[in-house]
Amino acid sequence: MYVIIKNNTSRFVTSACYLPQCSATASTLNSSICKGKSTTLSVTTGTSYAWSNGATTASLIVSPTATTTYIASVTNGSGCVATSAVTVTVNALPTISAGSTVSICKGKTASLTVTGGSTYLWSNSITTATQTITPTASTSFYVTGTNTNGCSGTSSVAVTVNTIPLAPTVISPVMYSITATATALTATGSNLLWYTLATGGTGISIAPIPSITTIGSTNHYVSQTVTNCESPRATIVVTVTAIIQTIALNAGWNLISTNLYPTDSSITTLFTGLQVQEIKTASSFWEKGQSAALNSLTTLQAGSGYLIKMNASGTLSVTGSPFIASYSLPLKKGWNMVGCPFQTTKLLSATFNSTNCSIIKNFDGFWIPNGTVNSLSNSVPGKGYFINY
């Protein structure tokens, strides 16, 4: 600024003096920063400087923790002092969370999800919030999330990959006779699960007791679980075998029965290799060499009695499953030919009395209810009997 001094008469300038005048402008490279970051402040040139934070340079680097206004006082060579202010806005960092530790079994997949930002970048270059992974070994995944203010935060999640355990140790096959008593299956392993299927299905933790009522083989399956990983299933084969009843046959006539359901009940099969001539029941017959169309008897049935004529002695072997435990014996008025359905010897008096028979006999003797001179007392497996009702 200057002042003009004029002559009152000629009105022209005869002298001038200058008065000091100055100004200052403070600025920043970034008026908005993320918390924890810095920015550079500067002010127009002067000879000395004084900032509100105590700095005395024309430019300075600041890292405010909250939005702050900085005031700069600038003095020039004439001693003129000017002031200017600049505000730095501090934006909060986003809270990025990739979740807690994930544990999976080798070969399985897991889903990772991050929250707290607007955009993301994972360490495996995935840019979506959620991703599906199948790592082959334990590892950590890192992610950077950025909010709408451009501020970023990081997080990580550990993924533990557990080894699939081996199948439990088993003993197979497990053999049972059809007359045996089955016990629970066993296996060596941890946290066993039992299945009836090779794949799929729902396992149970209680070892099953196999059913052995039918001849043949059945598969059972068992796995073990270690660190929440289930192993492949081991197979246990349960094999139920038939029992064999042997019946001695003398040359001539024999009165016999079988207490088994034969696996193959045909007479031609059962008597293979034996010199049988004729087989009879109370209502049917079979004779060697006779046309099949004329033989009315073709099979042996459990619990029935049979008269068998042998040309030579031999042993009849019957393979099958036991006759039913509960047995209803149909008797007709008069003489009946029956067999022993029981698996063990049983007293005749346990089944028969004066109300359902008058006499029981075979080639070995006789039994009369309440008799005192009976030569028979038991119903014996393999034997046949005549009963008069």
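This report concerns the structure included in the present document.

**Notes on the state of the cysteines**
Then comes step 1: Tallying each qualifying case throughout the model produces two disulfides.
Then comes step 2: Between the sulfur of cysteine 34 and that of cysteine 151 lies a disulfide, 2.0 Å long from S to S. With the S-S dihedral at roughly -95 degrees, the linkage between cysteine 34 and cysteine 151 falls on the left-handed side. With cysteine 34 in strand 4 (residues 32-34) and cysteine 151 in the loop between strand 14 (139-146) and strand 15 (152-162), the pair connects residues that are 117 residues apart, well separated along the chain.
Then comes step 3: Here cysteine 34 falls in the buried class, since its relative accessible area comes to 14%.
Then comes step 4: The disulfide bridge from cysteine 105 ends at cysteine 229, spanning 2.1 Å between sulfur atoms.

**Here's the deal with the side chain of threonine 225**
Then comes step 1: Looking at the secondary structure, you find threonine 225 in strand 19 (residues 225-226).
Then comes step 2: The contacts of threonine 225, once residues within four sequence positions are left out, are Ser190, Asn191, Leu193 and Glu230.

**Focus on the side chain of threonine 281**
Then comes step 1: By secondary structure assignment, the location of threonine 281 is in the loop between strand 25 (276-280) and strand 26 (285-287).
Then comes step 2: A polar side-chain atom of threonine 281 sits 2.8 Å from a polar atom in the side chain of serine 284.
Then comes step 3: Discounting chain neighbours no more than four positions away, the residues touching threonine 281 are Leu297, Gly305, Tyr306 and Met337.

**Digging into the nonpolar core**
Then comes step 1: With 31 residues, the main nonpolar core has Leu249, Phe271, Ile279, Ile308 and Leu316 as its most contacted residues.
Then comes step 2: Of all elements in the fold, only strand 21 (234-241), strand 22 (243-249), helix 1 (267-270), strand 25, strand 27 (305-310) and strand 28 (314-322) reach the threshold of two or more residues within this core.
Then comes step 3: In this structure, Ile33, Leu60, Ala72 and Val86 belong to the second largest nonpolar core, which totals 17 residues.

**Things to note about the sheet that holds strand 24 (residues 260-262)**
Then comes step 1: Read from one edge to the other, the open sheet built from three strands follows the order 22-28-24, with strand pairing classed as antiparallel. With partners counted over all chains shown, the strands left at the sheet margins are strand 22 and strand 24, one partner each. Averaged over all adjacent pairs, the angle separating strand axes in this sheet is 55 degrees, with direction ignored.
Then comes step 2: Relative to strand 28, strand 24 runs antiparallel, the two being bridged by three bridges. Each residue of the ladder has a partner; that of leucine 260, found in strand 28, is proline 322.

**Quick notes on unusual backbone geometry**
Then comes step 1: Of note, the bond from serine 172 into proline 173 is cis; its omega dihedral lies within 30 degrees of zero at 5 degrees.
Then comes step 2: Mapped onto the fold, proline 173 is located in the loop between strand 15 and strand 16 (174-177).
Then comes step 3: Residue asparagine 228 is not a glycine yet carries a positive backbone phi of 65 degrees.
Then comes step 4: Topologically, asparagine 228 is positioned in the loop between strand 19 and strand 20 (229-230).
Then comes step 5: Judged by relative accessible area, asparagine 228 falls into the exposed class, the value being 71%.
Then comes step 6: Positive phi outside glycine occurs at asparagine 370, with the angle close to 65 degrees.

**Thoughts on the sheet that holds strand 4**
Strand pairs in the sheet, formed through backbone hydrogen bonds, run parallel or antiparallel to each other.
Then comes step 1: Pairing is mixed across the open sheet formed by four strands, whose spatial order is 4-9-8-6. The sheet is open, and its two edges are formed by strand 4 and strand 6 (48-51), each paired on a single side. The average undirected angle you get between the axes of adjacent strands in this sheet is 30 degrees.
Then comes step 2: Pairing of strand 6 with strand 8 (residues 68-75), which is carried by four bridges, proceeds in the antiparallel orientation. Bridge pairing in strand 8 links alanine 50 to serine 73.

Rules of the game
- Residues numbered from 1 in each chain as written.
- Predicted model: local features only at pLDDT ≥ 70, side-chain atom pairs only at ≥ 80, totals over all residues.
- Heavy atoms only, no water.
- Disulfide = S-S within 2.5 Å.
- Helix = DSSP H or I, 4+ residues; strand = E, 2+ residues; numbered from the N terminus.
- Buried < 20%, exposed > 50% of the residue type's maximum accessible area, 1.4 Å probe, protein only.
- Contact = heavy atoms within 4.5 Å.
- Polar contact = N/O pair within 3.5 Å; in protein donor to acceptor, adjacent residues only side chain to side chain.
- Core = buried A, V, L, I, M, F, W, Y, C linked by side-chain atoms within 4.5 Å.
- Pairing = 2+ DSSP bridges.
- Axes fitted to C-alpha atoms, helices over the stretch in contact; angles between N-to-C directions.

Keep in mind these values describe shape, not function.
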